[in-house]
Protein chains: 2
Amino acid sequence: MAYLTTPEDISTLLKYDTFLFDCDGVLWQGDVLIPGAKEALAFLREQKKRIIFVTNNATKSRKAYKKKFDVLGIEATEEEVFGSAYATAVYCSTVLNLQPTDRVYIIGMSGIEEELSAEGIQYTGGSDPLDCRAGPYELDAFTDDPSVKAVIVGLDQYLTYTKISKALQYLVRNEGCHFIATNDDSTYPAKLGILPGAGSMSAPLTYILKRSPVSIGKPNKTMLDCIVAKQHLDRHKTLMIGDRLETDIKFGIEGGIDTCLVMTGIAKPEDVGGPNASDIKPTYVMRTVGDLVQLADS
Amino acid sequence: MAYLTTPEDISTLLKYDTFLFDCDGVLWQGDVLIPGAKEALAFLREQKKRIIFVTNNATKSRKAYKKKFDVLGIEATEEEVFGSAYATAVYCSTVLNLQPTDRVYIIGMSGIEEELSAEGIQYTGGSDPLDCRAGPYELDAFTDDPSVKAVIVGLDQYLTYTKISKALQYLVRNEGCHFIATNDDSTYPAKLGILPGAGSMSAPLTYILKRSPVSIGKPNKTMLDCIVAKQHLDRHKTLMIGDRLETDIKFGIEGGIDTCLVMTGIAKPEDVGGPNASDIKPTYVMRTVGDLVQLADS
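Residues numbered from 1 in each chain as written. Chains lettered and ligands numbered in written order. Predicted model: local features only at pLDDT ≥ 70, side-chain atom pairs only at ≥ 80, totals over all residues. Heavy atoms only, no water.

Colleague: Could you give an account of helix 2 (residues 37-46) of chain A, with specific residues and numbers?
Modeller: When we look at burial in helix 2 of chain A, the residues that qualify are Ala-37, Ala-40, Leu-41, Phe-43, Leu-44 and Arg-45 of chain A. In the stretch just after helix 2 of chain A, Lys-48 of chain A is the one whose phi turns positive, near 65°. (Buried < 20%, exposed > 50% of the residue type's maximum accessible area, 1.4 Å probe, protein only. Helix = DSSP H or I, 4+ residues; strand = E, 2+ residues; numbered from the N terminus.)

Quick look at the structure:
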């Protein structure tokens, strides 16, 4: 673990070709840009570095996420944004090899639907108004559908008893039906506190089935495998930059790439040094991505 | 473990004063009475035995549950019915010692509300139409309320993101806020299959908080403690009769009373004898409660 403080230290990072960025806590906090983040990204682009944004947020498609970058004035293309909804859709098409006649049942929102459509995968549930209505569910209303080969669970603000019940039927009745979560974050940080995250949406099914879903997003290596496959990355030349040891840094370590922790988000100095430090050790520790701008100035 | 087959065997049971009956799988299956069940109960009443019906179903109050008995033609008083909603309310008033100025937040249905009202405990959530509406929840809408001393979670067919979000706020913001589940059944048997049960409703909060709720219903001894306290039972003279080893029989064992397994519900012969038998051993095994009628005839 190396602390990067001087411009000379920081220039070490230029040996990497590709930079994977977590967003919240690294590039922005809520809706406010971290000072120097925009300039740091511009500098890396000048150096012909490849930039990829890696987010667990599955409620937005890449297209929708791109808009957030636009609003904040950060240059980004849709292809550079890698969300867990997209990774989940890619996982369905390439790893599960779902066919045009197959379907998935969604507990989740439009982000997953848009990405599945882009991969040519049919779905039910999700934003279907019938499934989004709170109220009792009777099994008389359930029709067996062996074409449903997977249940995908992401953050769903329209979670209902109907959705949990239907997902359960597919998982117990359809032999080999896959149980997939976009990510296992238990909560997500809102402006005024924490709210239930994608991982807590799959918790009822996990409890019933006594098995966990295959989780796609950070820190699981599935998402990195998808990025590497789609972008043809050389892992030895790729660096993951993030603010959370348990998700971002673990994600890099599990995926076999080097990592850099920044201190502008969740991780605190005592998490990386001292008696109570985490077992998860990043390759580098840097104060903020804004420090990369020192290289441009030096 | 004794198998009760002859009238002489079965007459052993008459040494008990109080008979706790699980209902589904013991007295009825769905909406159909088990042959002889009604007559067996009548015989026990003739013998001046005390009868108590013990159910984990928290969606119904004792009053509502009594109606089911009436429809099936089984004699029962409201005082003889002991549901997990009632036990939860009793737990709040006697163990947690909640005061008239305290409140609880409910993820659950009218059964819990009615029983809490009967115990003089104020509540929010539950059947409140605002909380039963599917859709996003913003923390701007949340008002801190330190009077909320507990969150109670039971089966809720109107489960919403709002309810999980609000329950979470109380549990993390109100110091010492109790986290209570009516029971931890992951599913319940419906006519055409299984549907998510009370335990799966608390699973999102368990996942987020990394701690389990205090669970009141079978197999946890809290419910038996409530029954014993309210009915002044002598545990040595009390027998629990049920069809499930993991809930009913475990419930009796944990509560220090004798148990009798019947084979008209979930448990199968191989669960009690042979190489794959369960570790949970009832005091007695009987084919059906209907066999008690043999005593009346003998």
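There is more to say, and it comes next.
Colleague: I'd like a description of the domain arrangement of chain A, backed by residues and values.
Modeller: Residue and element names in this part refer to chain A. Here chain A is described as being made up of domain 1 (2-56 + 219-297) and domain 2 (85-215). Once you take the C-alpha centre of each, domain 1 and domain 2 turn out to be 30 Å apart. The interface is formed by 10 residues belonging to domain 1 together with 10 residues belonging to domain 2. Contact with domain 2 buries surface across domain 1, with Asn-56, Cys-226 and Lys-230 losing the most and accounting together for 50% of the total. The partner of Glu-119 in a salt bridge is Lys-230, with the nearest N and O atoms 3.9 Å apart. The tally of links between domain 1 and domain 2 comes to two residue pairs in polar contact (both at pLDDT 80 or more). (Domains from an automatic or database assignment. Contact = heavy atoms within 4.5 Å. Buried area = accessible area lost by both parts, 1.4 Å probe. Salt bridge = Lys/Arg side-chain N within 4 Å of Asp/Glu carboxyl O. Polar contact = N/O pair within 3.5 Å; in protein donor to acceptor, adjacent residues only side chain to side chain.)

Colleague: For the relation of the copies chain B and chain A, give the residues involved together with the corresponding values.
Modeller: Mapping chain B onto chain A calls for a screw motion: a turn of 180° about the axis and a shift of 0.0 Å along it, with 0.0 Å RMSD after fitting. The relationship between the two copies is best expressed as a two-fold rotation axis. A symmetric contact is evident, with 100% of the interface residues of chain B recurring at the interface of chain A. (Least-squares fit on C-alpha atoms with pLDDT ≥ 70 in both.)

Colleague: How would you explain the pairing of strand 9 (residues 148-153) of chain B if you had to name every residue and give the values?
Modeller: Residues and elements named next belong to chain B. Strand 9 sits mainly inside the fold: five of its six residues count as buried. Sheet analysis places strand 7 (residues 103-107) next to strand 9, joined by five bridges and oriented parallel. For Ile-106, the partnering residue across the bridge sits in strand 9 and is Ile-152. Sheet topology note: the strand 9/strand 10 (residues 178-181) ladder contains four bridges and is parallel. Among the inter-strand pairings, Val-151 is bridged to a residue of strand 10, identified as Phe-179. You can see the chain leave strand 9, run along helix 6 (residues 161-173) and come back into strand 10, and the turn it takes is right-handed. (Pairing = 2+ DSSP bridges. Right-handed = clockwise from strand over helix to strand, strands pointing away.)

Colleague: With reference to specific residues and values, describe the packing of aromatic side chains.
Modeller: Applying the stated rule across the entire model yields 16 aromatic pairs over all chains. On the basis of an interplanar angle of 80° and a centroid distance of 6.2 Å, the ring pair of Tyr-16 of chain B and Tyr-284 of chain B is categorised as edge-to-face. In this pair, Tyr-16 of chain B is assigned in the loop between helix 1 (7-11) and strand 2 (18-21) and Tyr-284 of chain B in strand 16 (residues 284-286), connecting sequence segments 268 residues apart. What makes Tyr-16 of chain B buried here is its relative accessible area of 1%. On the accessibility criterion, Tyr-284 of chain B (5% relative accessible area) is buried. With centroids separated by 5.3 Å and ring planes inclined at 70°, the aromatic side chains of Trp-28 of chain B and Phe-69 of chain B adopt a geometry described as edge-to-face. With Trp-28 of chain B in strand 3 (residues 28-29) and Phe-69 of chain B in helix 3 (residues 62-72), the pair connects residues that are 41 residues apart, well separated along the chain. Each of the two residues, Trp-28 of chain B as well as Phe-69 of chain B, counts as buried. Of the aromatic side chains, those joined through ring pairs into one cluster are Phe-21, Trp-28, Phe-53, Tyr-65 and Phe-69 of chain A. (Phe/Tyr/Trp six-rings, centres within 6.5 Å; stacked < 30°, edge-to-face > 60°.)

Colleague: Can you tell me about the interface of chain B and chain A, naming the residues and giving the values?
Modeller: On the chain A side, the residues contacting the 36 residues of chain B number 36 residues. Taken together, both faces of the contact between chain B and chain A bury some 3,100 Å²; the carbon and sulfur share is 70%. Of all residues in chain B, Gln-157, Tyr-161 and Tyr-207 of chain B give up the largest surface area on contact with chain A, accounting jointly for 22% of the area buried on that side. At the junction of chain B with chain A, the criterion picks out zero salt bridges. Here chain B and chain A share 10 residue pairs in polar contact (both at pLDDT 80 or more) between them. Elements with a contribution of two residues or more to the side of chain B that touches chain A: helix 6, strand 11 (187-190), strand 12 (193-196) and helix 7 (198-209) of chain B. Per-element accounting of the side of chain B that touches chain A gives the leading share, seven residues, to helix 7 of chain B. For the side of chain B that touches chain A, the class distribution of residues is 22 nonpolar, 10 polar and four charged. (Nonpolar A, V, L, I, M, F, W, Y, C, P; charged D, E, K, R; others polar.)

Colleague: I'd like a rundown of the pattern of salt bridges, residues and numbers included.
Modeller: Evaluation of the coordinates by the stated rule reveals 32 salt bridges over all chains. The shortest N-O distance in the salt bridge between Lys-149 of chain B and Asp-102 of chain B comes to 3.2 Å. Residue Lys-149 of chain B is located in strand 9, and its partner Asp-102 of chain B is located in the loop between helix 4 (84-95) and strand 7; the two are separated by 47 residues in the primary sequence. Note that Asp-248 of chain B and Lys-218 of chain B form a salt bridge whose closest N and O atoms lie 2.8 Å from each other. Note that Asp-248 of chain B is positioned in helix 9 (residues 245-254) and Lys-218 of chain B in the loop between strand 13 (214-215) and helix 8 (221-231), a separation of 30 residues in sequence. Each member of the pair, Asp-248 of chain B together with Lys-218 of chain B, is buried. When salt bridges with common partners are traced through the structure, they connect Asp-22, Lys-218 and Asp-248 of chain A into a single cluster.

Colleague: An account of the UniProt feature "binding site: Mg(2+)" (unreviewed entry) in chain A is needed here, citing residue identities and associated values.
Modeller: Residues and elements named next belong to chain A. The UniProt record marks Asp-22, Asp-24 and Asp-243 with the feature "binding site: Mg(2+)" (unreviewed entry), using the residue numbering of this structure. Sequence-wise these annotated residues cover 222 residues; spatially they are packed, their C-alpha atoms never more than 8.2 Å apart. Secondary-structure assignment places Asp-22 in the loop between strand 2 (18-21) and strand 3 (28-29). Asp-22 sits in the buried class, given a relative accessible area of 8%. At a separation of 2.8 Å, a polar atom in the side chain of Asp-22 contacts the side chain of Lys-218. In contact with Asp-24, not counting residues within four places along its chain, are Gln-29, Gly-30, Pro-189 and Asp-243. (UniProt positions renumbered as here; feature names shortened; annotations may be inferred.)

Colleague: Any chance you could break down the pairing of strand 10 (residues 178-181) of chain A for me, citing the residues and the numbers?
Modeller: Judged from the two bridges that link them, strand 10 of chain A and strand 13 (residues 214-215) of chain A form a sheet pairing that is parallel. Within strand 13 of chain A, the residue paired with Ile-180 of chain A across the bridge is Val-214 of chain A.

Colleague: If you had to explain the packing of helix 4 (residues 84-95) of chain A against helix 5 (residues 110-118) of chain A to someone new, which residues and values would you point to?
Modeller: Packed helices, taken two at a time, are described by the angle their axes make and the gap between the axes. All names here are of chain A. The N-to-C vectors of helix 4 and helix 5 enclose an angle of 40°; their axes lie 8 Å apart at closest approach. Classified by the angle their axes make, helix 4 and helix 5 are oblique. Viewed along their axes, helix 4 and helix 5 form a crossing whose handedness is right-handed. Of the residues in helix 5, those touching helix 4 at Ala-85, Tyr-86, Ala-89 and Cys-92 are Gly-111, Ile-112, Glu-115 and Leu-116. Class assignment of the residues belonging to the contact of helix 4 with helix 5 gives a composition of six nonpolar, one polar and one charged. (Axes fitted to C-alpha atoms, helices over the stretch in contact; angles between N-to-C directions. Parallel < 35°, antiparallel > 145°, perpendicular 65-115°, else oblique. Left-handed = near helix turned anticlockwise from the far one by under 90°.)

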